[in-house]
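# Report on the structure
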Amino acid sequence: VQLVESGGGLVQPGGSLRLSCAASGFTFSRYTMTWYRQAPGKERELVAVISSAGDSTNYADSVKGRFTISRDNVKNTVYLQMNSLKPEDTAVYYCNARWYKNYWGQGTQVTVSS
């Protein structure tokens, strides 16, 4: 089982990034997928979640209107489009797969700074 995040990096405030999480080794289409993030010295927090079929999404209040979660059940990949980034979005971003088992990726660093 693997969840491999990519797409992180350094971006200026107001900029955009698109994170990807490629899944393998399990039946991706049956799993709810969630993006979490953890900033230094803070607890891990939920950012966005998408249902197994992709027909339902939910977001943390802090990212509503700026971030969009989506998935491709053919490519076994979940995405997080992040627009209008703020310095407070700086964190390690993790993807999570949850059904009757729970899987985590290794994380990708997002730094928003001028």
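To be clear, the structure that these remarks concern was listed above.
Quick summary incoming for the structure in this document. Quick caveat, the model's predicted, so the values are computed rather than measured.

## Examining the state of the cysteines
Two cysteines joined by a covalent bond between their sulfur atoms form a disulfide. Evaluation of the coordinates by the stated rule reveals 1 disulfide. Through a disulfide, Cys-21 is tied to Cys-95; the S-S separation comes to 1.9 Å. Placement of Cys-21 in strand β3 (residues 17–24) and of Cys-95 in strand β9 (residues 91–98) is noted, with a sequence separation of 74 residues between them. Like Cys-95, Cys-21 is buried.

## A look at the pairing of strand β8 (residues 77–82)
Most of β8 is tucked away: 5 of the 6 residues are buried. Two elements, β3 and β8, share 6 bridges in a ladder whose sense is antiparallel. Across the sheet, Arg-18 pairs through a bridge with Gln-81, a residue of β8. Relative to β8, strand β7 (residues 67–72) is paired through 6 bridges, and the arrangement is antiparallel. Counted as the bridge partner of Ser-70 is Tyr-79 from β8. Turn length for the β7-β8 hairpin, with the two strands adjacent in sequence and antiparallel, is 4 residues, and the turn residue Asn-76 shows positive phi of about 55°.

Criteria and thresholds
- Residues numbered from 1 in each chain as written.
- Predicted model: local features only at pLDDT ≥ 70, side-chain atom pairs only at ≥ 80, totals over all residues.
- Heavy atoms only, no water.
- Disulfide = S-S within 2.5 Å.
- Helix = DSSP H or I, 4+ residues; strand = E, 2+ residues; numbered from the N terminus.
- Buried < 20%, exposed > 50% of the residue type's maximum accessible area, 1.4 Å probe, protein only.
- Pairing = 2+ DSSP bridges.

Coordinates in, geometry out; function isn't part of it.
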